[in-house]
Amino acid sequence: MNKLGSAIFSRLVIIIPYAWLLFFFLIPFFIVFRISLSTTAIAQPPYEPVFALADGLAGLWEKIGQFSFDNFVWLTEDALYLNAYLSSLWIAGVSTLITLLIGYPIAYGMAQAPRTLRPTLLMLVILPFWTSFLIRVYAWIAILKPEGLLNQFLIGIGVIDTPLIIMNTNWAIYIGIVYSYLPFMVLPLYSALEKMDNTLIEAAQDLGCPQISAFWKVTFPLSIPGVVAGCMLVFIPAVGEFVIPDLLGGSQTLMIGKTLWNEFNANRDWPVSAAVATILLLILVVPIVFFQNAQAKAEEQGK
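Figured I'd write up the structure that's included with this text. Bear in mind that the values here come from a model prediction, so they are computed numbers and not experimental data.

### Some details on the overall build of the protein
- Scanning the protein for helices and strands turns up 14 helices and two strands.
- A burial count over the protein gives 32% of its 303 residues as buried.
- Pairs at least 24 residues apart make up 68% of the contacts formed inside the protein by residues separated by at least 6 positions.
- For the protein, the exposed surface amounts to about 18700 Å²; the carbon and sulfur share of it is 70%.

### A look at a nonpolar patch on the surface
- Taken together, Val-13, Ile-14, Tyr-18, Trp-20, Leu-21, Leu-22, Phe-23, Phe-24, Leu-26, Ile-27, Phe-30 and Ile-31 make up a surface patch of nonpolar side chains, about 1200 Å² in accessible area.
- A relative accessible area of 60% means that Tyr-18 is categorised as exposed.

### Notes on the pattern of salt bridges
- Counted under the stated rule, the structure contains two salt bridges.
- With a closest N to O distance of 3.3 Å, Glu-194 and Arg-115 form a salt bridge. With Glu-194 in helix 8 (residues 170-194) and Arg-115 in the loop between helix 4 (79-112) and helix 5 (118-126), this pair connects stretches of sequence that are 79 residues apart.
- Between Glu-194 and Arg-118 there is a salt bridge, and its shortest N-O distance comes to 3.3 Å. Linking Glu-194 in helix 8 with Arg-118 in helix 5, this pair joins segments that are 76 residues apart in sequence.

Thresholds applied
- Residues numbered from 1 in each chain as written.
- Predicted model: local features only at pLDDT ≥ 70, side-chain atom pairs only at ≥ 80, totals over all residues.
- Heavy atoms only, no water.
- Helix = DSSP H or I, 4+ residues; strand = E, 2+ residues; numbered from the N terminus.
- Buried < 20%, exposed > 50% of the residue type's maximum accessible area, 1.4 Å probe, protein only.
- Contact = heavy atoms within 4.5 Å.
- Areas by Shrake-Rupley, 256 points an atom, 1.4 Å probe, with all protein chains shown as cover.
- Patch = residues over 30% accessible without salt bridge, like charges linked within 9 Å, V, L, I, M, F, W, Y side chains within 5 Å.
- Salt bridge = Lys/Arg side-chain N within 4 Å of Asp/Glu carboxyl O.

Following this line, the structure appears as C-alpha cells:
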C-alpha cells in the first residue's frame, strides 16, 4: 500500500505541473491563435471563427486548408506594430537594467544583514504588495505631475526654478515600472545571495584577492541564477504592460500593451489583436525555451 501510495504521489507530482501548463497556457494560447485565424465580423464576439470545436478533429482537418494568415501578414505591412514591438522591448529592457542596478545592492545588503533583521527587511520589500497596484500607479501621478510633490520639494529646496516635465514621458514609464516590479527583482536575488557560502569570499581574500575583485569573481557569478530569474520576472510582464504606459506615459507612448487595448476595444478587431498577442507570446517564450535548454546542457556538462 505504501508503494502504491508513493507511486501515485510521484505521478501526481509530475502530472500537476503539466495539467497547470495545459489549462492555463496551452488552451488559452490555442483560443487566441484560433481567433487570429478568423475574420472580422459585425457580431458578438466580433469575429467569424474559421472552425468550431463542435466540428471535432475531422472538421478541423478538413478546414486546415482554409486557414488564413492574412492577419499576420497585415502586421508586417503596418509599421505601427513593428514599432510597438521594438518600443516595448526597448522600454522593458531599460527598465529591467535599472531595476537590476537598484535591486542588486538592496538584495546584497539584505543578505549581509544580521539573520534576526532579515525577516523584517524581507517584509519591507513585500509590503508594497499589500496596496492595490492601480492605487500605487495613481500615487506616482500625484508625485510626478508639474505641480506634484516632487517638483514642489525640488523648488522648495532651491534645486530647480521651474517644474520638471516628467509626466507623459518615457521617464515616467521607467519610474513606474522600476517601482512596481522592484520586489520581483529583489526577491530572487536575495534568495541566491542568502544561500551563498561566505567562506568562499574569506578564502579569496586570504589568497590576496581585493574585496571588489572577490565580489566580481565569486559573489556575482554565484548570484547569476538570481539575476536571470529576476530579469525574467521583470522583463516579461514589462513588455506587455498597459496600465503604467496608459497612466504615466503620454499619448505618443507606443507600447504593445496599449496597441492591443486599442485593437480590442477601440477598433473591435479581435483577429488582428489575437495575431499581435500570438507574436508577442512567441517573442517572449522562444528565448526562454532556448535559455532553459542551454542551461540544462551546461548543467549536464558540469556534472
